[in-house]
Amino acid sequence: MSREGLINLALGLGLLAFPLWAEWAEEPFMITLSTRVAILALAGVGLNLSLGLGGLVSLGHAAFFGIGGYAMGILASHAQSYTPIFEWPLVIEGTKAMPVIWLVAIAAAGLLALAIGALSLRTSGVYFIMITLAFGQMLFYFAVSWPAYGGEDGLSIYVRNAFPGLNTLVPLQFFLIAYALLMAVLGLAALITRSPFGLALDAARQVPVRVETVGIAPYRLRLIAFVISGMITGLAGALYADLNRFVSPAMFNWQTSGEIVILVILGGTARLFGPVAGAAFFVALEHLLGGVSDYWRIYLGLVLLAVVLFARGGIVGTLAGREAADG
Amino acid sequence: MAEPVLQVQGVSKSFGALAASQDVSLDLVPGEIHALIGPNGAGKSTLIQQIAGALRPDAGRIRFMGRDVTQLGIVQRARLGLGRTFQISALAMEHTVLQNALLGALGASGRPYRFLRPALRDPDLRRRAEAALERVGLSEQMWMRTSDLSHGQRRTLEVAVALTLAPRAFVMDEPMAGLGTSGSKRLTGLLDELRHEAPILLVEHDMDAVFALADRISVLVYGRIIATGTVEEIRADPEVRRAYLGEED
Ligand SMILES: Nc1ncnc2c1ncn2[C@@H]1O[C@H](COP(=O)(O)OP(=O)(O)OP(=O)(O)O)[C@@H](O)[C@H]1O
Ligand SMILES: [Mg+2]
């Protein structure tokens with residue numbers, strides 16, 4: 001196994017072992033932190049597809065995270081108040097079933113990513129960053145000013161949504177759901193990276209004209225990558241809302257986008273398990289320093305600066321060295 | 001003569017006050033190598049870019065495979081069967097040599113939107129990519145990172161990627177540059193074979209290779225074609241000798 005493979009294995013097992021230890025040590029809060037890591041990592045895996053493989057620096061992934069969160073909030077709030085979402089032309093009820101919520105979140109985020117991507121991918125570089133940021137902020141203000149679902153106060157969901165056969169209110173059980181989804185999506189991301197599509201997308205990041213010259217349109221590759229990326233981040237958003245049993249416009253905020261970007265860069269852009277390392281580091285720092293100082297993000301900023309200046313490959317890249325050539 | 005595969009008809013292109021192409025016409029017929037020569041800055045690469053669809057001419061038309069492709073982009077022209085190599089290598093430097101060749105094979109397959117089976121384990125893509133690498137003599141470097149190749153090897157990989165496309169016409173911008181004697185000998189041999197698979201529009205400074213290979217030569221000077229003819233005609237042309245070949249003898 002390659003060095004990076006071993007690091008990935010350690011990260012995957014570590015993320016599973018930590019909450020198991022916490023369960024044994026009766027530290028439920030540590031389990032919740034682990035769940036947070038798994039969910040943020042999932043959001044990062046989504047972003048990593050467009051940022052790492054596609055070279056598309058999106059500062060608007062909060063849009064997908066947020067829409068996933070609101071998909072959960074809207075469906076669950078209607079279910080808890082026993083009011084249908086629509087009565088016409090056909091009656092659509094809310095639901096508390098996680099699998100249904102996830103599918104709705106993924107579909108909604110995918111459609112949103114298709115619309116945002118179709119417009120913003122016509123630009124590149126700084127313009128792309130700015131346009132994605134603008135779309136994210138538009139959704140933020142929309143959520144703030146939409147009173148039906150709590151406006152700026154957000155929406156509380158009293159009981160965590162249900163998964164067949166599990167008690168999702170038990171922290172370890174909910175963790176296992178998030179962890180299983182993370183692992184499944186990592187597997188998918190690994191497949192995509194090595195697939196013909198991934199090869200072309202990665203080449204389009206390096207030399208777009210080469211890809212065009214062999215008869216493949218970079219725009220299409222990027223749009224597909226952006227949609228898959230948005231869907232994954234949307235799924236993470238639904239889980240995140242379920243973890244907190246609360247959704248608010250803050251999920252749509254540009255800071256959320258920034259944090260997802262930061263954890264991908266910290267962990268190692270384009271590295272499969274980079275977002276896992278990045279999310280673990282991020283949550284650990286937030287937990288350890290957040291209690292000491294309200295300004296813990298300053299330290300986060302310093303770490304980020306150090307990574308960008310001295311360790312371009314992030315945590316995984318620095319530990320694993322150059323990427324394995326046989327990908 | 002057979003119907004031309006590629007026709008450039010009265011193409012002009014200016015960059016501000018600089019006329020890089022002035023009423024250029026040339027064609028490429030099946031089975032031939034048509035060399036395009038001219039001094040540095042004559043506008044050879046600019047013409048290639050217009051043929052490939054990377055630049056739009058200000059005037060004139062480009063026909064390929066019996067179609068007017070003047071308004072088509074790079075992707076569409078590639079899909080019609082145009083196989084281009086770049087003067088300055090345009091390769092995915094982080095990828096291996098094999099991955100670069102696989103990309104060409106993938107483009108040729110016309111089905112790039114496949115998400116599950118690894119590209120490296122697709123037997124059709126592999127066969128096509130490895131055959132092209134074998135033909136240019138890069139099989140041993142297959143697993144090397146492209147950024148670790150020598151300059152000449154990168155030029156050769158450019159040609160291999162074009163080969164994977166099995167194009168209807170090759171358009172090559174100085175494929176011999178930086179190859180060294182044995183490398184250019186090998187490539188000369190390969191191009192000689194290739195012309196029977198698809199005709200080649202060959203921009204080249206290496207006059208030995210040009211005189212050995214070309215069926216026809218066009219001479220471009222200051223954006224204008226000053227002569228087109230066989231090797232003997234071009235060698236004998238007084239205007240060409242003055243403008244371009246003069247310093248050689
Ligand atoms: N995008 C551009 N903008 C402005 N000027 C350009 C551009 N591209 C090329 N030129 C100019 O057009 C002229 C022709 O350049 P071109 O690259 O086509 O020459 P060439 O015949 O390929 O030369 P070489 O043998 O050095 O490769 C040059 O004077 C060059 O500086
Ligand atoms: Mg040139």
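Shown above is the structure to which this text applies.
Residues numbered from 1 in each chain as written. Chains lettered and ligands numbered in written order. Predicted model: local features only at pLDDT ≥ 70, side-chain atom pairs only at ≥ 80, totals over all residues. Heavy atoms only, no water.

Observations concerning the overall build of chain B
Scanning chain B from N- to C-terminus turns up 9 helices and 10 strands. Along the longest, intermediate and shortest principal axes, the C-alpha atoms of chain B span 60 × 40 × 40 Å. Of all 249 residues assigned to chain B, the portion counted as buried reaches 56%. By sequence separation, contacts in chain B at least 24 residues apart represent 64% of the contacts at least 6 residues apart. Within the structure as shown, chain B displays about 10,600 Å² of accessible surface, and the carbon and sulfur contribution to it stands at 48%. (Helix = DSSP H or I, 4+ residues; strand = E, 2+ residues; numbered from the N terminus. Buried < 20%, exposed > 50% of the residue type's maximum accessible area, 1.4 Å probe, protein only. Contact = heavy atoms within 4.5 Å. Areas by Shrake-Rupley, 256 points an atom, 1.4 Å probe, with all protein chains shown as cover.)

Section: the overall build of chain A
A tally of helices and strands in chain A yields 13 helices and 2 strands. The globule rule puts the C-alpha radius of gyration for 327 residues at 20 Å, and the 19 Å found for chain A is close to it. Judged by the C-alpha coordinates and their principal axes, chain A covers about 55 × 50 × 40 Å. Across the 327 residues of chain A, 54% fall into the buried class. For chain A, contacts bridging at least 24 residues in sequence account for 77% of all contacts bridging at least 6. Total accessible area on chain A is roughly 14,100 Å²; 69% of this is exposed by carbon and sulfur atoms. Placing the 15 positive and 16 negative side-chain charges of chain A at their respective mean positions leaves the two points 13 Å apart. (Rg over C-alpha atoms; globule rule 2.2 N^0.38 Å. Lys, Arg positive; Asp, Glu negative; His and termini not counted. Charge placed at Lys NZ, Arg CZ, Asp CG, Glu CD.)

A word on the sheet that holds strand S9 (residues 216–221) of chain B
Residue and element names in this part refer to chain B. As summarised here, the arrangement of the 6 strands in space is S6-S7-S8-S3-S9-S10, forming an open sheet in which the pairing is mixed. Edge positions in the sheet fall to strand S6 (82–85) and strand S10 (224–229), since each has one partner strand and no second. Strand-to-strand, the axes of this sheet are offset by a mean angle of 15°, without reference to chain direction. Bridge count for S9 against S10 is 5 bridges, and the pairing is antiparallel. Note on S10: the bridge partner recorded for Val 221 is Arg 224. (Pairing = 2+ DSSP bridges. Axes fitted to C-alpha atoms, helices over the stretch in contact; angles between N-to-C directions.)

Description of the pairing of strand S3 (residues 33–37) of chain B
Residues and elements named next belong to chain B. Most of S3 sits out of view: 5 of its 5 residues are buried. The two faces of S3 match: Ile 33, Ala 35 and Ile 37 on one face and His 34 and Leu 36 on the other face are all buried. Taken together, the 4 bridges between S3 and strand S8 (residues 200–203) define a ladder with parallel strand orientation. Along S8, the bridge assignment pairs Leu 36 with Val 203.

Quick notes on the side chain of Asp173(B)
All names here are of chain B. Note on placement: Asp 173 falls in strand S7 (residues 169–173). At 5.5 Å, Arg 84 is the nearest oppositely charged side chain to Asp 173, a buried residue that forms no salt bridge. Within the local environment of Asp 173, its side chain forms a polar contact with the side chain of Ser 45, the two groups lying 2.7 Å apart. Sequence-distant contacts of Asp 173, defined by excluding residues within four places in its chain, comprise Ser 45, Ile 48, Thr 85, Phe 86, Gln 87, Arg 155 and Val 203. (Salt bridge = Lys/Arg side-chain N within 4 Å of Asp/Glu carboxyl O. Polar contact = N/O pair within 3.5 Å; in protein donor to acceptor, adjacent residues only side chain to side chain.)

Let's talk about the interface of chain A and chain B
Residue-level contacts link 30 residues of chain A with 38 residues of chain B. Taking both sides of the interface into account, the surface hidden between chain A and chain B amounts to around 3,000 Å²; carbon and sulfur atoms contribute 66%. It is Pro196(A), Leu199(A) and Arg210(A) in chain A that bury the most area against chain B; as a group they hold 23% of the surface buried on that side. Joining chain A to chain B, the criterion identifies 2 salt bridges. (Buried area = accessible area lost by both parts, 1.4 Å probe.)

Regarding the site of ligand 1
Residue and element names in this part refer to chain B. The environment of ligand 1 is formed by 13 residues, the closest being Gly 41, Lys 44, Ser 45, Thr 46 and Gln 87. Within the side chain of Lys 44, a nitrogen or oxygen atom sits 2.8 Å from an oxygen atom of ligand 1. The separation between an oxygen atom of ligand 1 and a polar side-chain atom of Thr 46 is 2.5 Å. Per-element accounting of the shell around ligand 1 gives the leading share, 3 residues, to helix H1 (residues 44–52). The residue inventory of the shell around ligand 1, partitioned by class, reads 4 nonpolar, 7 polar and 2 charged. (Near = heavy atom within 4 Å. Nonpolar A, V, L, I, M, F, W, Y, C, P; charged D, E, K, R; others polar.)

A few points about helix H10 (residues 254–267) of chain A
Residue and element names in this part refer to chain A. Its 14 residues place the ends of H10 20 Å apart at the C-alpha level, agreeing with the 20 Å of an ideal helix rising 1.5 Å per residue. Where H10 is concerned, the buried positions are Thr 256, Ser 257, Gly 258, Glu 259, Ile 260, Val 261, Ile 262, Leu 263, Val 264, Leu 266 and Gly 267. Summarising the contacts, the buried residues of H10 are in contact with helix H2 (28–53), helix H3 (62–81), helix H9 (218–244), helix H11 (274–290), helix H12 (296–310) and helix H13 (314–320). Following H10 by one or two positions, Gly 268 has its phi on the positive side, about 130°. (Expected span 1.5 Å × (residues − 1).)

Some details on empty space enclosed by the protein
Per the counting criterion, the structure on display carries 1 cavity of 30 Å³ or more. Approximately 50 Å³ is the volume attributed to the largest cavity. If you trace the largest cavity, you find it lined by Thr213(A), Ala52(B), Ile74(B), Arg77(B), Ala78(B), Leu82(B) and Arg84(B). Only helix H2 (74–80) and S6 of chain B provide two or more residues apiece to the lining of the largest cavity. In terms of residue count, H2(B) provides more of the lining of the largest cavity than any other element does, 3 residues in total. Residue composition of the lining of the largest cavity, grouped by class: 4 nonpolar, 1 polar and 2 charged. (1 Å grid on protein atoms, 1.4 Å probe; cavity = no way out; pocket = protein on both sides within 12 Å on 5 of 7 lines; lining within 4 Å. Points joined across faces, edges and corners; volume = space filled by probe spheres on them.)

Let's talk about the sheet that holds strand S1 (residues 6–15) of chain B
Adjacent strands of a sheet form backbone hydrogen bonds with each other and so pair up, either parallel or antiparallel. Residue and element names in this part refer to chain B. Across the sheet, which stays open at both edges, the 4 strands sit in the order S2-S1-S4-S5 with antiparallel pairing between neighbours. Both outer strands of the open sheet, strand S2 (18–28) and strand S5 (67–68), are each paired with one neighbouring strand and no more. Of the pairings in the sheet, the one linking strand S4 (residues 59–64) to S5 comprises 2 bridges and is antiparallel in character. Along S5, the bridge assignment pairs Arg 63 with Asp 68. Its contacts with the sheet place H1 against S1, S2 and S4, and it is angled at close to 120° to S1.

Some details on the packing of aromatic side chains
All names here are of chain A. Within the structure shown, the criterion is met by 12 aromatic pairs over all chains. With a centroid separation of 5.1 Å and an interplanar angle of 70°, the aromatic rings of Phe 140 and Tyr 141 are classed as edge-to-face. When its relative accessible area of 15% is taken as the criterion, Phe 140 is described as buried. Three or more aromatic residues joined by ring pairs form one cluster here, namely Phe 64, Phe 128 and Phe 226. Lying across the ring of Phe 174, Arg 160 places its NZ or CZ 4.2 Å from the centre. (Phe/Tyr/Trp six-rings, centres within 6.5 Å; stacked < 30°, edge-to-face > 60°. Lys NZ or Arg CZ within 6 Å of the ring centre and 35° of its normal.)

Describing the coordination of the magnesium ion (ligand 2)
Where a metal carries four tetrahedral donors, each ideal angle is 109.5 degrees; where it carries six octahedral donors, the ideal angles are 90 or 180 degrees. Residues and elements named next belong to chain B. Listed as protein donors to the magnesium ion (ligand 2) are Ser 45 (OG) and Gln 87 (OE1); their distances from the metal cover 1.9 to 2.0 Å. A residue pair is termed long-range when its members are at least 10 positions apart, and Ser 45 in helix H1 and Gln 87 in the loop between S6 and helix H3 (97–109) qualify at 42 residues. Classification of Ser 45 by relative accessible area gives partly exposed; the value is 24%. Take Gln 87: its relative accessible area is 34%, and that puts it in the partly exposed class. (Donors = N, O, S within 2.8 Å, 3.2 Å for Na, K, Ca; no water.)

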